[in-house]
Amino acid sequence: MKKNITLSRYLVEQQRVDGLIPAQLRLLIEVVARACKRISHSVNKGALGDVLGTAGSENVQGEVQKKLDIIANEVLIEANEWGGHLAAMASEEMDSIYLVPNRYPQGEYLLMFDPLDGSSNIDVNVSIGTIFSVLKKPEGHPGVTEDDFLQAGAQQVAAGYCVYGPQTTLVLTFGDGVAMFTLDREQGSFVLTQENVRIPEDTKEFAINMSNMRHWDEPVKRYVDECLAGVEGPRNKDFNMRWIASMVADVHRILTRGGVFMYPWDKREPNKPGKLRLMYEANPMSWLVEQAGGAATNGRERILDIQPTKLHERVSVVLGSKNEVERITRYHTEA
Ligand code: AHG
Ligand code: MN
Ligand code: MN
């Protein structure tokens, strides 16, 4: 790999040399990356920046908002609203879509984000992140409505996340593989540190919140029981378990060394299809995972094929190393 390729240079090359992305999309990703740098800065300040703790409000999904949920949301909106590359935005932290104000030019893209993923980890100094997904605004009518956002994940034109951990790492796909960039704080730039990210097809590591075990569906119980049985069980090997409770950090580990991540439907709230949100958590992560050779389903069908019916729709998630995801999906279809 060539040395010291900044994100800006990488994007210019994607646009100019490979013709893979239009200029407006390049600008969009530059702006999102700049916003992530600002969020990273706030995260790093922690108590010194008065960014810890709750904000005293709830989002549309009834979750208590942390100060950083709101700060990150505002940073992303402010950074993106004026550049002329977007038509509208949607976020976990906003009830409805956010139209680019009339005083700014309108672009052709729609941006969705989970501004701060892993909120329960903010105050305890554990990795958190930002997840984003980019769609094209459908043509043929002026203005933007929520319906314009309701496109299957397979329609995404760019997706990624930034993880704020021991390092700040930006991970991106335009549908031509996955690249990782590490924030160089001295240079102030994201620098390409891994190309052609590949997830091993097999793994001995699974991630699930085990405290929900009694609420799981039979196929999930079967899979985890078989992992726990180790060398003596039907899998003939010992498994390791990890659960960071920040999807960004769990997915980052899987992109780095393989593994399988599950947040399945469970009986706590039977009418909800799952906990995670389809449009700005599951879709971008599923596309990244597929682009790295992994797989992502809701237990039955490919996540990227699901036709969303509402902005904050939830979904069951099984993603990661291909052979494990196929096995868990088979357990569901057999049941
Ligand atoms: P968010 O902080 O954006 O609401 O997302 C948290 C999500 C996800 O990141 C993580 O995998 C999961 O919630 C953890 O849930 P549990 O606390 O139920 O384990
Ligand atoms: Mn989240
Ligand atoms: Mn969030």
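No experiment lies behind these values; they were computed from the predicted model shown.

### Topic: the site of ligand 1
Asp117, Ser119, Asn209, Met247 and Tyr263 are the nearest of the 17 residues found near ligand 1. Contact between ligand 1 and tryptophan 243: an oxygen atom at 3.0 Å from a side-chain N or O atom of the residue. In this structure, an oxygen atom belonging to ligand 1 sits 2.8 Å away from a main-chain N or O atom of methionine 247. Contact with the protein chains hides 87% of the accessible area of ligand 1, taken as 470 Å² for the molecule alone. In a pocket analysis with a 2 Å cut-off to the grid points, ligand 1 is assigned to the largest pocket. Here the shell around ligand 1 gets 3 residues from one element, more than from any other, and that element is strand β5 (residues 109–117). Across the shell around ligand 1, the residue classes break down as 7 nonpolar, 4 polar and 6 charged. For the shell around ligand 1, the two domains that each supply at least three residues are domain 1 (7–194) and domain 2 (205–334).

### Observations concerning the sheet that holds strand β15 (residues 295–297)
Within the open sheet, the 5 strands sit side by side as β12-β11-β13-β17-β15. Their pairing is mixed. At either end of the open sheet lies a strand with only one pairing partner, and these are β12 (240–241) and β15. Looking at chain direction, strand β11 (residues 205–207) and β12 are connected through 2 bridges and run parallel. The partner of phenylalanine 206 across the bridge, within β12, is methionine 241. Against the sheet, helix α7 (residues 278–291) contacts β15 and β17 (317–320), and its axis sits at roughly 30 degrees relative to β17.

### Description of the coordination of the manganese ion (ligand 2)
The protein atoms that coordinate the manganese ion (ligand 2) are Asp114 (OD), Asp117 (OD) and Glu281 (OE), at distances of 1.8 to 2.1 Å. Sequence positions of the residues that donate to the manganese ion (ligand 2) give the spacing D-x2-D-x163-E. A separation of 3.7 Å is found between the manganese ion (ligand 2) and the manganese ion (ligand 3), which share aspartate 114 as a coordinating residue. In this pair, aspartate 114 is assigned in strand β5 and glutamate 281 in helix α7, connecting sequence segments 167 residues apart. Both residues of the pair, aspartate 114 and glutamate 281, count as buried.

### Description of the sheet that holds strand β8 (residues 168–173)
The strands making up a sheet associate through backbone hydrogen bonding, with each pair oriented either parallel or antiparallel. The strand order across the open sheet formed by 8 strands is β4-β3-β5-β6-β7-β8-β9-β10, and the pairing between neighbours is mixed. Every other strand in the sheet has two partners, leaving β4 (98–99) and β10 (189–194) as the edge strands with one partner each. Sheet analysis places strand β7 (residues 158–164) next to β8, joined by 6 bridges and oriented antiparallel. Across the sheet, the residue bridging to valine 163 is threonine 169, located in β8.

### Some words on the coordination of the manganese ion (ligand 3)
Coordination sphere of the manganese ion (ligand 3), protein contribution only: Glu92 (OE), Asp114 (OD) and Leu116 (O), at 2.2 to 2.3 Å. Here the donor residues for the manganese ion (ligand 3) map to a single chain with the spacing E-x21-D-x1-L. Look at aspartate 114 and you get buried, because its relative accessible area is 0%.

### Remarks on helix α2 (residues 23–45)
Under the 1.5 Å per step criterion, the end-to-end length of α2 is 34 Å for 23 residues, consistent within 8% with the ideal 33 Å. Just beyond α2, the residue with positive phi is glycine 46, at close to 55 degrees.

### Let's talk about the packing of aromatic side chains
Taken as a whole, this structure holds 5 aromatic pairs when the rule is applied. An aromatic cluster of at least three residues, connected via ring pairs, comprises Trp243, Phe261 and Tyr263. It is arginine 222 that lies over the ring of tyrosine 331; its NZ or CZ is 3.6 Å from the centre.

### A word on the pairing of β8
Among the 6 residues that make up β8, 6 are buried, leaving the element largely enclosed by the rest of the structure. Direction of pairing for β8 relative to strand β9 (residues 178–184): antiparallel, over a ladder of 5 bridges. Directly across from leucine 170, in β9, lies its bridge partner phenylalanine 181. Between the end of β8 and the start of β9, which pair antiparallel, lie 4 residues, with glycine 175 showing a positive phi angle near 95 degrees.

### Observations concerning the domain arrangement of the protein
Here the protein is partitioned into domain 1 (7–194) and domain 2 (205–334). Averaged C-alpha coordinates put domain 1 and domain 2 at centres separated by 24 Å. Both sides of the domain 1 and domain 2 interface together cover about 2900 Å² of buried area, and 64% of this is carbon and sulfur. Our count for the domain 1 to domain 2 interface comes out at 2 salt bridges. The partner of glutamate 63 in a salt bridge is arginine 277, and the shortest N-O contact between them spans 3.1 Å. In this structure, the connection of domain 1 to domain 2 is made through 20 residue pairs in polar contact (both at pLDDT 80 or more). Elements represented by at least two residues in the side of domain 1 that touches domain 2 include exactly β3 (86–91), β5, β6 (128–136), α4 (146–149), β7, β8 and β9. In terms of residue class, the side of domain 1 that touches domain 2 is built from 25 nonpolar, 18 polar and 7 charged.

Conventions adopted
Residues numbered from 1 in each chain as written. Chains lettered and ligands numbered in written order. Predicted model: local features only at pLDDT ≥ 70, side-chain atom pairs only at ≥ 80, totals over all residues. Heavy atoms only, no water. Near = heavy atom within 4 Å. Polar contact = N/O pair within 3.5 Å; in protein donor to acceptor, adjacent residues only side chain to side chain. Areas by Shrake-Rupley, 256 points an atom, 1.4 Å probe, with all protein chains shown as cover. 1 Å grid on protein atoms, 1.4 Å probe; cavity = no way out; pocket = protein on both sides within 12 Å on 5 of 7 lines; lining within 4 Å. Sits in = over half its atoms within 2 Å of the grid points. Helix = DSSP H or I, 4+ residues; strand = E, 2+ residues; numbered from the N terminus. Nonpolar A, V, L, I, M, F, W, Y, C, P; charged D, E, K, R; others polar. Domains from an automatic or database assignment. Pairing = 2+ DSSP bridges. Contact = heavy atoms within 4.5 Å. Axes fitted to C-alpha atoms, helices over the stretch in contact; angles between N-to-C directions. Donors = N, O, S within 2.8 Å, 3.2 Å for Na, K, Ca; no water. Buried < 20%, exposed > 50% of the residue type's maximum accessible area, 1.4 Å probe, protein only. Expected span 1.5 Å × (residues − 1). Phe/Tyr/Trp six-rings, centres within 6.5 Å; stacked < 30°, edge-to-face > 60°. Lys NZ or Arg CZ within 6 Å of the ring centre and 35° of its normal. Buried area = accessible area lost by both parts, 1.4 Å probe. Salt bridge = Lys/Arg side-chain N within 4 Å of Asp/Glu carboxyl O.

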